[in-house]
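# Topology and contacts: notes
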Amino acid sequence: MFWKPYLLGAAMAVMSLQPLAAAPQVKTPAPGFYRIMLGSYEVTALSDGVLRLPVDSLLLNSSPKQIETALAEHHQGLPVVTSVNAYLINTGSKLILVDTGAGSLLGDGLGKLVVNLKAAGYQPQQVDEIYLTHMHPDHLGGLTQNGKAVFPNAVVRAGQQDADFWLSESRLKQAPPKEKASFENVIAALKPYQAAGHFKTFSNDGELSPGISAFAAHGHTPGHSIYLVESQGKKLLLLGDLIHVAAVQFAHPRVAISFDKDAKAAVAQRLRVFSDSAQRSVLVGGPHLSFPGLGYLNKQGEGYDWMPLEYGAM
């Protein structure tokens, strides 16, 4: 009969609306890299993963109410999910990595930098130089794996004061038991690079490679450094650990954290660098700002507003 094809078509349409199978949940984000152009330089932010920090017990110069209010305003709870980022700079003639993530030192939430480096189109052996902001485990742990250099062709650079502090055998021997691991991790991470003659320090502010300069910002660690990347009039300032908890420390930059070796000096450096960056409208990048950690600072009262870089803006 003439109506049967229509009934068949209607039945098939109904069947097509029925779920065929439950789609599997992936539960992980896409590869953690984000690329921009800075003048003629290509800058790739690389995620090493995230840490979950009990910031209510870590922050100094603050009150529980201040922390609670700031986190609530940013729809955050405890522990605070904290990014660990590194930055890869392709100058066209060199490949320079600023910080290396934690490697295997701080648990399963981290150690993803090499996977994301490869996803971004690079291989570890292509990296020419590595500039460390400082020698805490979430910044240099990715240098080695099973005692071998992850970046076999790279020269590692760091502030002389950090090297003097963390590589000191006498400080290691005198350190309380709970702090000995920090010294041992630094020594182990740098050992293959030292053996290959691939570890060099710097003592003064200045250019380490064309367009990339180091500046002292001591306080968080004895040799904590920040890096300015410049190309064709464009600038990017890589802040290192001048900030850990954006929800609190942008609005209240005098709040320190117990990770700071010299909290007073760390606060002074944050106030200085933030003020200068805001006045000059310099793009900044932060290892512990929400990935990719790129944006601008605007002065707001006694603190600052954080303006994340819009997708595809550069």
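This text follows the structure it describes.
Keep in mind the model is a prediction, meaning the values are calculated, not measured. (Residues numbered from 1 in each chain as written. Predicted model: local features only at pLDDT ≥ 70, side-chain atom pairs only at ≥ 80, totals over all residues. Heavy atoms only, no water.)

## Some thoughts on the pairing of strand E12 (residues 212-216)
The side chains of a regular strand alternate between the sheet's two faces. For clarity, the cut-off: For two strands to be treated as a pair, DSSP must find no fewer than two bridges joining them. The helix and strand labels rest on DSSP assignments: H or I over at least four residues marks a helix, E over at least two residues marks a strand, and numbering proceeds from the N terminus.
With 3 bridges connecting them, strand E11 (residues 206-209) and E12 associate as antiparallel partners. Its bridge partner being in E12, glutamate 207 is matched across the sheet by serine 213. Where E11 hands over to E12, the hairpin turn is made up of 2 residues, of which glycine 211 adopts a positive phi near 90 degrees. When E12 meets strand E13 (residues 225-231), the two strands line up antiparallel, connected through 5 bridges. Considered in E13, the bridge of phenylalanine 215 is made with isoleucine 226.

## Quick word on the sheet that holds strand E14 (residues 234-238)
Just so we agree on the cut-off: In this analysis, axes come from line fits to C-alpha atoms, helices being fitted only over the stretch in contact, and the angle between any two N-to-C directions falls in the range 0 to 180 degrees.
Reading across from one edge, E11-E12-E13-E14-E16-E17-E18 is the order of the 7 strands in this open sheet, with mixed pairing throughout. Two strands lie at the open edges of the sheet, namely E11 and strand E18 (303-308), each paired on one side alone. Pairs of neighbouring strands in the sheet enclose a mean axial angle of 35 degrees, with direction left out of account. Examined bridge by bridge, strand E17 (residues 294-300) and E18 share 6 bridges and lie antiparallel to one another. Looking at the pairing, glutamine 300 lines up with glycine 303 of E18.

## A closer look at the sheet that holds strand E4 (residues 80-90)
Strand order across the open sheet formed by 7 strands is E1-E2-E4-E5-E6-E9-E10, with mixed pairing between neighbours. Each end of this open sheet is capped by a strand with a single partner; those strands are strand E1 (33-38) and strand E10 (199-202). Strand-to-strand twist of the sheet, defined as the mean angle between neighbouring strand axes without regard to direction, takes the value 25 degrees. Relative to E4, strand E2 (residues 41-53) runs antiparallel, the two sharing 11 bridges. When the bridges of E4 are listed, valine 50 appears paired with serine 83.

## Concerning the nonpolar core
Basically, it comes down to this: Nonpolar cores are built from buried Ala, Val, Leu, Ile, Met, Phe, Trp, Tyr and Cys residues. Side-chain atoms within 4.5 Å join them into one set. Throughout, exposure labels follow a simple rule: accessible area from a 1.4 Å probe, protein chains only, divided by the maximum for the residue type, with under 20% read as buried, over 50% as exposed, and the rest as partly exposed. Contacts are residue-level and defined by heavy atoms, with any inter-residue pair within 4.5 Å sufficient.
Membership of the largest hydrophobic core comes to 31 residues, with the highest contact counts inside it found for Leu97, Ile130, Met135, Leu143 and Phe151. For this core, the elements supplying multiple residues, two or more each, are E4, strand E5 (95-98), helix H3 (113-119), strand E9 (155-159), helix H5 (160-166) and helix H7 (177-195). Those residues within four positions of methionine 135 in sequence are excluded, and the remaining contacts are Leu140, Ala158, Asp162, Ala163, Trp166, Val186, Leu190 and Phe199. By size, the runner-up hydrophobic cluster in this structure holds 22 residues, among which are Ile36, Leu38, Ala45 and Ile212.

## Things to note about the side chain of histidine 220
Assignment of secondary structure puts histidine 220 in the loop between E12 and E13. Setting aside its immediate chain neighbours within four residues, histidine 220 contacts His134, His136, Asp241, His244, Phe259, Asp260, Lys261 and Ala266.

## Here we look at the environment of leucine 38
Along the chain, leucine 38 falls in strand E1. Among the residues examined, leucine 38 registers a relative accessible area of 0% and is labelled buried. Sequence separation between leucine 38 and aspartate 56 is 18 residues, and the spatial gap between their C-alpha atoms is 37 Å.

## As for unusual backbone geometry
Residues apart from glycine generally show negative phi values, whereas peptide bonds are mostly found in trans. With omega at -5 degrees, the peptide bond leading from leucine 78 into proline 79 counts as cis. Mapped onto the secondary structure, proline 79 falls in the loop between helix H2 (64-73) and E4. The residue after phenylalanine 291, namely proline 292, is reached through a cis peptide bond having omega 5 degrees. Despite not being glycine, aspartate 99 shows a phi value in the positive range, around 70 degrees. Tracing the chain through its elements places aspartate 99 in the loop between E5 and H3.

## Description of the packing of aromatic side chains
Each aromatic ring pair is described using two quantities: the centre-to-centre distance and the angle formed by the ring planes. Selection rule: Aromatic contacts are taken between Phe, Tyr and Trp rings whose centres are within 6.5 Å, Trp giving its six-membered ring; a plane angle under 30 degrees counts as stacked, one over 60 as edge-to-face, and the others as tilted.
If you walk through the whole model with that rule in mind, you get 9 aromatic pairs. Geometrically, the ring pair formed by phenylalanine 165 and phenylalanine 183 is tilted, given 5.5 Å between the ring centres and 40 degrees between the ring planes. Linking phenylalanine 165 in helix H5 with phenylalanine 183 in helix H7, this pair joins segments that are 18 residues apart in sequence. Classification of phenylalanine 165 as buried rests on a relative accessible area of 9%. On the numbers, 5.6 Å between centres and 85 degrees between planes, the contact of phenylalanine 274 with tyrosine 304 is edge-to-face. Linking phenylalanine 274 in helix H9 (residues 263-280) with tyrosine 304 in strand E18, this pair joins segments that are 30 residues apart in sequence. Both residues of the pair, phenylalanine 274 and tyrosine 304, count as buried. Ring pairs connect the aromatic residues Phe250, Phe274, Tyr304 and Trp306, which therefore count as one cluster.

## Thoughts on the environment of alanine 196
Take alanine 196: it is sitting in the loop between H7 and E10. By relative accessible area, alanine 196 is classed as partly exposed at 47%. Sequence separation between alanine 196 and isoleucine 243 is 47 residues, and the spatial gap between their C-alpha atoms is 33 Å.

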